[in-house]
Amino acid sequence: QVQLVESGGGLVQAGDSLRLSCAASGRTFSSIIMGWFRQAPGKEREFVAATTWTGSTIFYADSVKGRFTISRDIAQNTVYLQMQSLRPEDTAVYYCAAARSGYVSKLSYEYDYWGPGSQVTVSS
């Protein structure tokens, strides 16, 4: 019903910035929740950031707070994750997700749609 495609990942050096984009297509809803998760090798998927489509409520993981910013371009049906001061521990596959629940959640199982992921590698 909702298709998500991430872009913008790549290889960067520690301290660099990178912006991920998530383009949504198909049927979307004004109450949809957009989130970013990441999964590093050998680790479980973890929450990064999430926002209501309107931006009224935004959550960040403590590990990225102050460095990452989630934002939306409503006209383009796109959500972004601006990443600053990247660290090697930020290396992971980053996933865009959407939930129909209508409320921001940090729990992956509450999201209904997922993109294929985009690799972000931060070298030291």
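Residues numbered from 1 in each chain as written. Predicted model: local features only at pLDDT ≥ 70, side-chain atom pairs only at ≥ 80, totals over all residues. Heavy atoms only, no water.

1. Overview of the state of the cysteines
The final tally for this structure, using the stated rule, is 1 disulfide. With its sulfur 2.0 Å from that of its partner, Cys 22 forms a disulfide with Cys 96. On the sign convention where negative means left-handed, the S-S torsion of about -80° between Cys 22 and Cys 96 marks this disulfide as left-handed. Taken as a pair, Cys 22 in strand β3 (residues 18-26) and Cys 96 in strand β9 (residues 92-99) lie far apart in primary sequence, 74 residues in all. With a relative accessible area of 0%, Cys 22 lands in the buried category. For Cys 96, a relative accessible area of 0% puts it in the buried group. (Disulfide = S-S within 2.5 Å. Helix = DSSP H or I, 4+ residues; strand = E, 2+ residues; numbered from the N terminus. Buried < 20%, exposed > 50% of the residue type's maximum accessible area, 1.4 Å probe, protein only.)

2. Observations concerning the side chain of Ser 21
For Ser 21, the location among the structural elements is in strand β3. According to the relative accessible area criterion, Ser 21 is buried, its value standing at 14%. When residues no more than four places from it in sequence are discounted, the contact partners of Ser 21 are Val 5, Glu 6, Ser 7, Trp 36, Thr 78, Val 79 and Tyr 80. (Contact = heavy atoms within 4.5 Å.)

3. Considering the pattern of salt bridges
Counting across every chain of the model gives 5 salt bridges. Across the pair Glu 46 and Arg 38 runs a salt bridge, and its minimum N-O distance is 2.7 Å. With relative accessibility at 30%, the residue Glu 46 sits in the partly exposed group. Between Asp 90 and Arg 67 there is a salt bridge whose closest N-O contact spans 2.8 Å. In this pair, Asp 90 is assigned in the loop between β8 (78-83) and β9 and Arg 67 in the loop between β6 (58-60) and β7 (68-73), connecting sequence segments 23 residues apart. Through salt bridges that share partners, Arg 38, Glu 46, Arg 67 and Asp 90 make up one connected network. (Salt bridge = Lys/Arg side-chain N within 4 Å of Asp/Glu carboxyl O.)

4. Observations regarding the sheet that holds β7
Here we have 4 strands laid out as an open sheet, ordered β1-β3-β8-β7, and antiparallel in their pairing. A strand with exactly one partner marks an edge of an open sheet, and here the two such strands are β1 (2-7) and β7. Adjacent strand axes in the sheet meet at a mean angle of 20° when their direction is disregarded. Bridge analysis of β7 against β8 gives 6 bridges, and the strand direction is antiparallel. The residue of β8 that forms the bridge with Asp 73 is Thr 78. (Pairing = 2+ DSSP bridges. Axes fitted to C-alpha atoms, helices over the stretch in contact; angles between N-to-C directions.)

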